Amino acid sequence: MAIVPALRGRKNRDILDIALFLLLTLFLPLFLLGRFSLGEGEGNFFLNISNDLGRSLNPSLAIPLLLLFFLFALLLWVRRFPKERHRLRFTVTLSLLAVFVVSRIVGIFAIPYGDTAYTFFSTHYQQIVTLSYEYPISDRIVSFLVDLAFGSYFVIALNLLPTFGKKWTYFLDCVLLVLIAIALAGFIDVMIFEREDFLHNLLTLWRKEEGIVDIISFTPNKNVYGFLLMIGTFSSLVLFVKKANPVTPLLAIFFTFNCVVISSRTPAAIGTIVLLLFSFFYPFFAFRRHKVYSILSFALALCFLVTLATGFLLDPDNPLAVFIQTIYDRFLNQSTVHSRDILRILALEMLNTPFFLVLGYGRIPFHNLFHSLLVAVGGEAQTVTSHNGLADVVMHDGIVGLLLSLLFLLFLIYIACRQFRGLEKEKGVLSLVLIVGYLLYFLFEPRFFTLDEASTVFLLLSFVFPLLDDEQKDVRELSGRSRRKFDLLSRNLEIKGA
């Protein structure tokens, strides 16, 4: 009977540790909110409060938050650090953290102090621009501590999450449902406040109206709304491979179609590619376990391709042909892609010294200098990123940060490939397809799994942690088998001793 209280204590311990880890996760976007100030009139953040993303968080806010983060991180590490740890992973992750920390110390504190001139040459605009920028010491200190917190978070995740129990799996399922609910809430908001614009865009796709209207829901712009819809699509597919059901695939199709209607082209294209690839490959690995879903999945992929081909073969005035051709024309329009290529090239041309190439500018200096450079050459004055996740990693943390990020990506690919060893091989199919989808997305949007950007939390919760959880199951099963063997051996010894 003493086992029951012990099990109950273990479950309560797991719940508390999961709550601590969730708290650490929620800290990350808070560190990136920028410098707050009381402005005259209405602020750009909330009521009379303004925030400047070109500065670090106010030290009076950042220092207490960072102290709490490191306190909770230490508490979780002490409570959770496994006695029988994975020594190789522990050694590798701490070594990589040390490399990252040293690179950020040098990269942040070795940048010239005071009002410094930076000279850049743009091949596209054919201009030489000299900019003046000062990196305050307060911003440097906060930026370094934030980078330290960000790197420490990944070390904690990779070393401690494998020790979490089944409660962690249930928690992740709830998180995926919340992400789906957020995407649905965005659509409901559109139906309440932007219904006419939504119908207008639908009619435009049939060429019964002219011009696509931006639909943003409760987000700042249509691409952020499209990102939430894409996360809803991917979360639905992850839940489907966890437990096959007819609802989540329909939600994934619904979210992707909404991306098409609001003309958020990157999420729409990536969502379509992911759905098509998964629908095609799923039957090859899941047919024995899920015959009906496999047949439906392959039929869906086939119907999509046949419909697409038919749309181009039909008479140009046919409604289906009009709909498909309109979408095709809009999504092959290269104007936006070209403008983002210009941003990426302009950003990378700022790496004109070995110091910045290896260590980067840091998030705050890059945002300020890149914005000033765009203004000087007459580019998009509102942009503060290269609109390319990997390029932004290089601009923030240099080649060192890029190599560390690619190592993390290779680790995710390794885990995805390991999923094919189990019975549920469809998980491996989806993981690899999602990795391909995300990599394509990162080429056009300023996001990446390890980028110090607020939406990184969505990437971790919707894909990275569910993927790591599958590896954690292997660890738990191995631990369970070892424990059972030990118990059996102990009982045999007791019997022989008796």
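Residues numbered from 1 in each chain as written. Predicted model: local features only at pLDDT ≥ 70, side-chain atom pairs only at ≥ 80, totals over all residues. Heavy atoms only, no water.

Draft legend 1. Highlighting the overall build of the protein. Each helix and strand in the protein was counted, giving 17 helices and 4 strands. Burial status across the protein gives 47% buried among its 498 residues. Within the protein, residue pairs in contact and separated by at least 24 positions form 70% of the contacts whose partners lie at least 6 positions apart. In the form shown here, the protein has an accessible surface area of approximately 24,600 Å², with 69% of it arising from carbon and sulfur atoms. (Helix = DSSP H or I, 4+ residues; strand = E, 2+ residues; numbered from the N terminus. Buried < 20%, exposed > 50% of the residue type's maximum accessible area, 1.4 Å probe, protein only. Contact = heavy atoms within 4.5 Å. Areas by Shrake-Rupley, 256 points an atom, 1.4 Å probe, with all protein chains shown as cover.)

Draft legend 2. Examining the side chain of arginine 363 more closely. Positionally, arginine 363 belongs in helix α14 (residues 363-377). Looking at arginine 363, the relative accessible area reads 14%, which means it is buried.

Draft legend 3. Expanded view of the packing of helix α9 (residues 265-286) against helix α16 (residues 425-442). At a closest axis distance of 9 Å, the pairing of α9 and α16 adopts a crossing angle of 160°. Classified by the interaxial angle, the pair formed by α9 and α16 is roughly antiparallel. Considering how the two elements wind past one another, α9 and α16 form a crossing that is right-handed. Residue-level inspection shows Thr266, Pro267, Ile270, Ile273, Val274, Leu277, Phe278, Phe281, Tyr282, Phe285 and Ala286 of α9 in contact with α16, the latter providing Lys425, Glu426, Val429, Leu430, Val433, Leu434, Gly437, Leu440 and Tyr441. Residue composition of the contact of α9 with α16, grouped by class: 16 nonpolar, 2 polar and 2 charged. (Axes fitted to C-alpha atoms, helices over the stretch in contact; angles between N-to-C directions. Parallel < 35°, antiparallel > 145°, perpendicular 65-115°, else oblique. Left-handed = near helix turned anticlockwise from the far one by under 90°. Nonpolar A, V, L, I, M, F, W, Y, C, P; charged D, E, K, R; others polar.)

Draft legend 4. Here's a closer look at the pattern of salt bridges. This model, assessed by the stated rule, comprises 16 salt bridges. Salt-bridge contacts for arginine 104 lead to aspartate 397; the nearest nitrogen and oxygen are separated by 3.4 Å. Placement of the pair is arginine 104 in helix α3 (residues 87-109) and aspartate 397 in helix α15 (residues 389-418), with a sequence separation of 293 residues. Among the residues examined, arginine 104 registers a relative accessible area of 1% and is labelled buried. By relative accessible area, aspartate 397 is classed as buried at 10%. Residues arginine 363 and aspartate 452 are paired through a salt bridge, measuring 4.0 Å at the closest nitrogen-oxygen approach. Residue arginine 363 is located in helix α14, and its partner aspartate 452 is located in the loop between α16 and α17 (456-497); the two are separated by 89 residues in the primary sequence. Judged by its relative accessible area of 9%, aspartate 452 is buried. Each of Arg289, Glu424, Glu426, Lys427 and Asp470 takes part in salt bridges that share partners, so that together they form one network. (Salt bridge = Lys/Arg side-chain N within 4 Å of Asp/Glu carboxyl O.)

Draft legend 5. Structural view of the packing of helix α7 (residues 222-242) against helix α8 (residues 247-261). Taken N-terminus to C-terminus, the directions of α7 and α8 make an angle of 165°; their axes are 8 Å apart at the nearest point. Put simply, α7 runs roughly antiparallel to α8. Note that α7 runs across α8; the crossing there is left-handed. Contacts between α7 and α8 involve Gly226, Leu229, Met230, Gly232, Thr233, Ser236, Leu237, Leu239 and Phe240 on the former and, on the latter, Thr248, Pro249, Leu251, Ala252, Phe255, Thr256, Asn258 and Cys259. The class makeup of the residues in the contact of α7 with α8 is 10 nonpolar, 7 polar and no charged.

Draft legend 6. The arrangement of unusual backbone geometry in detail. One non-glycine residue with positive phi stands out, namely serine 217, at about 55°. One can find serine 217 in the loop between α6 (195-205) and α7. You will see that serine 263, though not glycine, has its phi angle at about 60°, which is positive. The residue serine 263 is located in the loop between α8 and α9 in this model. For serine 263, a relative accessible area of 4% translates into the label buried.

Draft legend 7. Examining the side chain of serine 103 more closely. Tracing the backbone shows serine 103 in helix α3. Separated by 2.6 Å, the side chain of serine 103 and the backbone oxygen of phenylalanine 100 make a polar contact. Once you skip the residues sitting within four places of it in the chain, serine 103 turns out to touch Leu359 and Val400. (Polar contact = N/O pair within 3.5 Å; in protein donor to acceptor, adjacent residues only side chain to side chain.)

Draft legend 8. Spatial organisation of empty space enclosed by the protein. Going through the model one piece at a time under the given rule, you end up with 3 cavities of 30 Å³ or more. Space inside the largest cavity adds up to approximately 150 Å³. Along its surface, the largest cavity is lined by 14 residues, and Val238, Val241, Gln419, Pro466 and Leu467 are the ones closest to its centre. Elements that contribute at least two residues to the lining of the largest cavity include exactly α7, α16 and α17. (1 Å grid on protein atoms, 1.4 Å probe; cavity = no way out; pocket = protein on both sides within 12 Å on 5 of 7 lines; lining within 4 Å. Points joined across faces, edges and corners; volume = space filled by probe spheres on them.)

Draft legend 9. Here's a closer look at the pairing of strand β4 (residues 127-133). Two strands pair when backbone bridges link them, and strand β3 (residues 116-122) and β4 are joined in this way by 7 bridges, in the antiparallel orientation. Pairing of alanine 117 across the sheet is with serine 132, part of β4. Where β3 hands over to β4, the hairpin turn is made up of 4 residues, of which glutamine 126 adopts a positive phi near 50°. (Pairing = 2+ DSSP bridges.)

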